[in-house]
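Inside the fold
The residues making up each chain are set out below.
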Amino acid sequence: MSRPRVVIVGAGIVGCALADELTGRGWTSVTVVDQGPLFAAGGSSSHAPGLVFQTNPSRTMTAFAAYTVSKYAALGPSCFQQVGGLEVATTPERWADLHRKLGWAESWGVEARLIEAGECARLWPLLDRGKLLGGLHVPSDGLAAAVACGEAQAARATERGARFLPHHTVVGVEQRGGRVTGVSVVTSGGHRTIPADVVVCAAGFWGPSIGRMAGLTVPLQPLAHQYARSGPLPPQPHGPILRHQDRDLYFRRHGDRIGIGSYAHRPMPVAQDEIGPKGTTMPSVQAFTEEDFEPSWRDAVELLPALAESKYADGINGVFSFTPDGFPLIGEAPRLDGFWVAEAVWVTHSAGVARALAEVLVDGRSGFDLHECELGRFEQAQLSPAFVEERGRQNFIEVYDVIHPLQPMESPRPLRTSPFHVRQRELGAYFLEAAGWERPHWFESNVPLLEDLVRRRRDEYADVPEEARGAAAEPFLGAMQRDAWASRHWSPIAAAESWATRERVALYDMTPLKRIEVSGPGAAAFLQRMTTNNVDKKPGSVAYTLMLDAGGGIRSDLTVARLDEETFQVGANGNLDLEWLTRHAPGGVRVRDLTPGTCCVGVWGPWARGLVEGLTDMDMSHQGFPYFTCKSGYIGHVPVLAMRVSYVGELGWEFYTTADMGLKLWDTLWSPGRAVAGGRAAFNSLRLEKGYRLWGVDMTTEHNPYEAGLAFAVRQDKDFLGRDALSADVTRKLVPLLATEVVMGKEPVRHQGRTVGYVTSAAYGHTIHRSIAYAWLPIELAEPGTHVDISYFGRRVPAEVAAEPLYDPGMEKIRR
């Protein structure tokens, strides 16, 4: 069997690691080219301080780092020193955050422990113990010598047949018929072309320039970051790498000196034309600006008083890469087959990213969940140079900040708004942002509804002794059970909006939901092949279904509505679904993004039919408009596609129309005193009560449908992508937990003192008056009634596995 010819652009640590991973899997026709010398080629790897801290809020990024540690540690002490990692807290907020971070480590399988100030000082004797509240110690963290790691991996790859070519500057990406055919390079000997079946751009901060040669936008912003070394200090034990995130600083040993890295200075974006080859100057290093470093030096001396006896030297402003969301870029160009990127990858994650991409290239899928890192995750609105730079700057500023999981960036906003935005603002919407969309999470206009609900509930329980009232007596008890952290970006108004949805009717803006049209003579057969459920039904039908990867992992869940014989509307999770369908679509099948020109409002609740039927020419009765069907008609003057589906577990419809008619649709449906506006906080609570999964949070490609509780969406009597890899024998399961406190997600779950799983989604269920946390648990613990504990900021939160759905198990509400 012939192996493809691969050209990797960039001989930094990522390019070398990828060559090693590919040749280790039998792809030995690998050529790595770099414009610089080998192996300090001049990119970020050449000056990287090499700190490998594994713990991350992202399960995938932690897994990347853990693999990097295991691989580089095996290369020997000249490549990796497993000295451990220590993060210290000097503020109560940071100390609390280290408790949260310990939970991530526990959830993702990294050994870690919280230690007192005295032990921190024992590990780092230069620390001022009096400044510390404590620290997080991870024994397996360490220091990677980036150039040595790259060279060691390159040596192994070379033994297997790879070749590394220095002083080869790529000036073009050759292509024919929509497929890459090679790269054009310039050397001292002139210009030539290196043929290739696969080209991987691992050029670091030069990635955008190489991407442009392939017609690809690589959303990456180079920024300069300061690093300096102290003067000589008395001999000290070689302690762990150290982070002082309260001052945006990190430290490592260099013999008798200490290296100091700072993120405390102003962002320093660097343009592509400012980082080209510059003679004897390393391209990735710019002149050190002492005025920017002085405040950081003072902070360093405050933490490590012995530094006062010396002065910093050898300072650099080293260039490295940031993306708009802080994650790497991994994937294939959408319009040039065979052109791949592995960009914005720090040394910390280098081996893990290389392994993931090698798995995708060789096996067709990776064992890592890559959805946070895939190249195609960004919407077109997020690819402008101005957006990439602004978000890159902000990610630099926030790299060591304590970030709430719901906390949005403040700029550039608003970027994308639905046609209902003006009305939402009038109703006092509190907006958060996702994929560039402004999404209301609650409405201040519903405060009177909350107050009325509180009065009603108190009146109902007026004669009940206080100790016997329970949660149902206080509809805002969810807020009372939330600590200061869980109460951020949340309001008890969500209780009123949840109640209005369950008892009356509420309008929800579903415009940010990705809408894709799939059409053409082969559309039905194509979607049958790409999804797990039967979507080849008569026009007017709607199906809930899944898309799997080649290994049977869940790539997405979809709602597929058949509009006519050749046209389907697909409700998807984001741009990755659009790219996946586009890439797999055969000739004659058209895949088109409808989202920018359309909008959607969900109308849900027991009063939904009464609200809508007087406004429409459609028969809205249960017999005339059954559950999971769709039809076209009018709401007042507005042409709509009406779809009878519900993400909240109540009677209702989604109404789609063109963006120009959106405001008219909202105004036609709006009925003060009857309908209320509902936000995402209530929506999340309602969907968890009903057991509806959120892809990318509750389930990913790491999970199959049977584990995720979605076997009903799989038809084994038809052929579909990933079918042959599926197995109904599962060892774990996604289950709901009823807890005594609201948690936020990603917390470890323990049973009899042992970590057995982790939380995915969580919210307070305002209908059932209980805190809900979905979690992955071993199958033997997934039975209702099993008692477990959730570790939340180090506190024990008792919880119990429950049967699902928690609300309306007979589906009576949604089908009336």
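For the structure, check the block above.
This one's a predicted model, so the numbers in the text were calculated from it and none came from an experiment. (Residues numbered from 1 in each chain as written. Predicted model: local features only at pLDDT ≥ 70, side-chain atom pairs only at ≥ 80, totals over all residues. Heavy atoms only, no water.)

**Here we look at unusual backbone geometry**
- Following L38, the chain continues to F39 via a peptide bond in cis, the omega torsion being 5°.
- With respect to the helices and strands, the residue F39 is situated in the loop between β2 (30-33) and β3 (51-52).
- Backbone torsion omega between E804 and P805 reads 0°, so that peptide bond is classified as cis.
- Mapped onto the elements, P805 comes out in the segment after β40 (795-801).
- Located in the positive-phi region is F793, a residue other than glycine, with phi close to 50°.
- Residue classification places F793 among the buried positions, given a relative accessible area of 17%. (Helix = DSSP H or I, 4+ residues; strand = E, 2+ residues; numbered from the N terminus. Buried < 20%, exposed > 50% of the residue type's maximum accessible area, 1.4 Å probe, protein only.)

**Looking at helix α14 (residues 493-503)**
- Taken across its 11 residues, α14 has 10 buried, putting it largely inside the fold.
- All buried positions along α14 are accounted for by I493, A494, A495, A496, E497, S498, W499, A500, T501 and R502.
- Considering only its buried residues, α14 is in contact with β23 (437-443), α11 (447-460), β24 (506-509), β30 (598-604), β34 (676-678) and α19 (680-690). (Contact = heavy atoms within 4.5 Å.)

**Focus: the packing of aromatic side chains**
- In this structure the tally under the stated criterion is 31 aromatic pairs.
- Pairing Y792 with F793 gives two aromatic rings, centres 4.9 Å apart and planes at 85°, and the pair type is edge-to-face.
- Linked through ring pairs, Y227, Y250, Y263, F320, F322, W346, F396 and Y400 together constitute an aromatic cluster.
- Here R355 stacks its cationic end above the ring of Y67, 4.8 Å away from the centre of that ring.
- The ring of Y807 is capped by R502, whose NZ or CZ atom sits 3.8 Å from the centre of that ring. (Phe/Tyr/Trp six-rings, centres within 6.5 Å; stacked < 30°, edge-to-face > 60°. Lys NZ or Arg CZ within 6 Å of the ring centre and 35° of its normal.)

**Points about the pairing of β24**
- The alternating pattern of β24 places A506 and Y508 on one face and L507 and D509 on the opposite face, and all of these are buried.
- As defined by bridge partners, β24 adjoins β30 across 4 bridges and the pair is classed as antiparallel. For A506, the partnering residue across the bridge sits in β30 and is W604.
- With 3 bridges joining them, β24 and β34 adopt parallel strand pairing. Directly across from A506, in β34, lies its bridge partner V676. (Pairing = 2+ DSSP bridges.)

**Some points on the side chain of D141**
- With respect to the element layout, D141 can be found in the loop between β7 (134-138) and β8 (142-144).
- Buried and unpaired, D141 has no salt bridge, with R243 as the nearest side chain of opposite charge at 6.4 Å.
- Reaching out from D141, the side chain makes a polar contact with the side chain of Q54 at a distance of 2.8 Å.
- Discounting chain neighbours no more than four positions away, the residues touching D141 are V52, F53, Q54, F80, Q81, Q82, V83, G84, G85 and I241. (Lys, Arg positive; Asp, Glu negative; His and termini not counted. Salt bridge = Lys/Arg side-chain N within 4 Å of Asp/Glu carboxyl O. Polar contact = N/O pair within 3.5 Å; in protein donor to acceptor, adjacent residues only side chain to side chain.)

**Here we look at the side chain of R252**
- Along the chain, the position of R252 falls in strand β16 (residues 249-254).
- Although buried, R252 forms no salt bridge, and the nearest oppositely charged side chain, D256, lies 11 Å from it.
- Side-chain polar atoms of R252 contact the backbone oxygen of P49, separated by 2.8 Å.
- Among all residues touching R252, those that are not within four sequence positions of it are P49, L51, L143, Y227, I241, R257, I258 and G259.

**Notes on the sheet that holds strand β10 (residues 169-176)**
- On the basis of which strands lie adjacent, the open sheet formed by 3 strands has the order β10-β11-β12 and antiparallel pairing. Bordering the open sheet on either side are β10 and β12 (190-195), each of which pairs with just one other strand. With direction set aside, neighbouring strand axes in the sheet form an average angle of 25°.
- Sheet topology places β10 next to strand β11 (residues 179-187); 7 bridges connect them, and they run antiparallel. (Axes fitted to C-alpha atoms, helices over the stretch in contact; angles between N-to-C directions.)

**Remarks on the packing of α11 against α14**
- Relative orientation of the contacting elements α11 and α14 amounts to 80°, with a least axis distance of 8 Å. If you check the angle between α11 and α14, you find them roughly perpendicular. Only I493, A495, A496, W499 and A500 of α14 make contact with α11, whose side of the interface consists of V447, L449, L450, L453 and R457.
- The class makeup of the residues in the contact of α11 with α14 is 9 nonpolar, no polar and 1 charged. (Parallel < 35°, antiparallel > 145°, perpendicular 65-115°, else oblique. Nonpolar A, V, L, I, M, F, W, Y, C, P; charged D, E, K, R; others polar.)

**Points about helix α9 (residues 385-398)**
- End to end, α9 covers 20 Å across 14 residues, agreeing with the expected 20 Å (1.5 Å per residue, within 8%).
- Of all the residues in α9, the buried ones are F387, V388, R391, G392, N395, F396 and E398.
- Against β14 (221-229), β17 (257-262), β19 (313-322) and β22 (429-434) lie the buried residues of α9. (Expected span 1.5 Å × (residues − 1).)

**Quick notes on the environment of P240**
- Inspection of the secondary structure assignment puts P240 in the loop between β14 and β15 (241-244).
- Residue P240 is classed as buried on the basis of its relative accessible area of 3%.
- Separated by 97 residues in the primary sequence, P240 and L143 have C-alpha atoms spaced 8.8 Å apart.
- Once residues within four sequence positions are removed from consideration, P240 is found in contact with V83, G84, G85, L86, L123 and W124.

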